[in-house]
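Each chain, letter by letter, is given below.
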Amino acid sequence: MHKSALIGIVIIMAASPTMVTAQSGSVQRISNFASGTAGWRSVKIDKKVPATKFTAKRIQGVSAIEAYARKSMALLTRPVTVNLAETPILCWRWRVDDVVRTANIAKKSGDDQAARIYIGLDLPNSAISLGTRAKLALARSRGGNAIPDGAINYVWDNRFPVGTARNNVYTKQAKVIVAQSGAAQAGRWVNERRNLATDIEKQFKTGRAKVTSIAISSDTDNSGETVTAAFADIHLVAANGKCQYR
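Quick summary incoming for the structure in this document. (Residues numbered from 1 in each chain as written. Predicted model: local features only at pLDDT ≥ 70, side-chain atom pairs only at ≥ 80, totals over all residues. Heavy atoms only, no water.)

### Digging into the state of the cysteines
What makes a disulfide is a covalent bond joining the sulfur atoms belonging to two cysteines.
Inference 1: Per the stated rule, a full pass over the model turns up one disulfide.
Inference 2: There is a disulfide in this structure between Cys91 and Cys243, and the S-S distance comes to 2.1 Å. Across the S-S bond linking Cys91 and Cys243, the dihedral sits near -70 degrees, which makes this disulfide left-handed. Placement of Cys91 in strand E6 (residues 89–96) and of Cys243 in the segment after strand E13 (226–237) is noted, with a sequence separation of 152 residues between them. Neither residue differs from the other here; Cys91 and Cys243 are each classed as buried. (Disulfide = S-S within 2.5 Å. Helix = DSSP H or I, 4+ residues; strand = E, 2+ residues; numbered from the N terminus. Buried < 20%, exposed > 50% of the residue type's maximum accessible area, 1.4 Å probe, protein only.)

### Some remarks on the sheet that holds strand E10 (residues 174–181)
Inference 1: Spatially, E2-E5-E12-E7-E8-E10-E9 is the arrangement adopted by the seven strands of the open sheet, whose pairing is mixed. Unpaired on one side and paired on the other, strand E2 (41–43) and strand E9 (165–167) mark the two borders of the sheet. Here the average twist between neighbouring strands, direction ignored, is 25 degrees.
Inference 2: One ladder, built from three bridges, connects E2 with strand E5 (residues 75–79); its direction is antiparallel. In the sheet register, Ser42 faces E5, and the bridge partner there is Leu76.
Inference 3: Contacts between helix H3 (residues 196–204) and the sheet are confined to strand E7 (113–122), strand E8 (150–157), E9, E10 and strand E12 (210–219), with E8 contributing the most and set at about 110 degrees to the helix. (Pairing = 2+ DSSP bridges. Axes fitted to C-alpha atoms, helices over the stretch in contact; angles between N-to-C directions. Contact = heavy atoms within 4.5 Å.)

### Points about the layout of surface pockets
Inference 1: In this structure, the second largest pocket spans a volume of roughly 220 Å³.
Inference 2: In terms of lining residues, the second largest pocket is bounded by 14 residues, among which Val82, Leu84, Ala209, Lys210 and Val211 are the most central.
Inference 3: Breaking the lining of the second largest pocket down by element, the ones donating at least two residues are H3 and E12.
Inference 4: Taken together, the residues of the lining of the second largest pocket sort by class into seven nonpolar, four polar and three charged. (1 Å grid on protein atoms, 1.4 Å probe; cavity = no way out; pocket = protein on both sides within 12 Å on 5 of 7 lines; lining within 4 Å. Points joined across faces, edges and corners; volume = space filled by probe spheres on them. Nonpolar A, V, L, I, M, F, W, Y, C, P; charged D, E, K, R; others polar.)

So, in structure tokens, the structure goes:
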């Protein structure tokens, strides 16, 4: 991904006029891709880099968004409000046709992924150093106040084992967590379940973060490779609740 020093969190800055808010009961639906991409916005990060293409379609019987990346990068994103005390578990399913073979999340030149889900965060001041606050203020003066304080990135990686958690190579305010790795599951839907509240607390040392946005992406601008991914059924449930895939 072609990025500036703060791009790991700036990429989640996109705003949409439609806000997903807490729903009744113990399930909060973020996506309803059977109805298309209403409420979501495609955001191109670098004008010099082609945009990943997002298309609503049914894939293996699942209503989904397909992301087609060919030497490209873009986000499909929307703002959200989440009650992490009520629904801390993030559920989704995704699939890839292959991994980005030459990617390496430990290097700036290799920060590509077949599939990513980004969670933008508003953090308390205690979780942000003075230096980072200054960088964020500068970024917001250029890009707008929608730029979050931090981000959790769940990725389908090509080499690091599942469970790997590390800072984004550009900024420690963006945390990368490997949710899937390798091509063994390529070509099939994989269901995911993450305790988002626990991941945020562990990575940012605070239990007072607020979720501000969610985005999906496939990214191959560094590697020049071509991949196709798909995302579906993004929702949150209670700590003891079951993920509810449609």
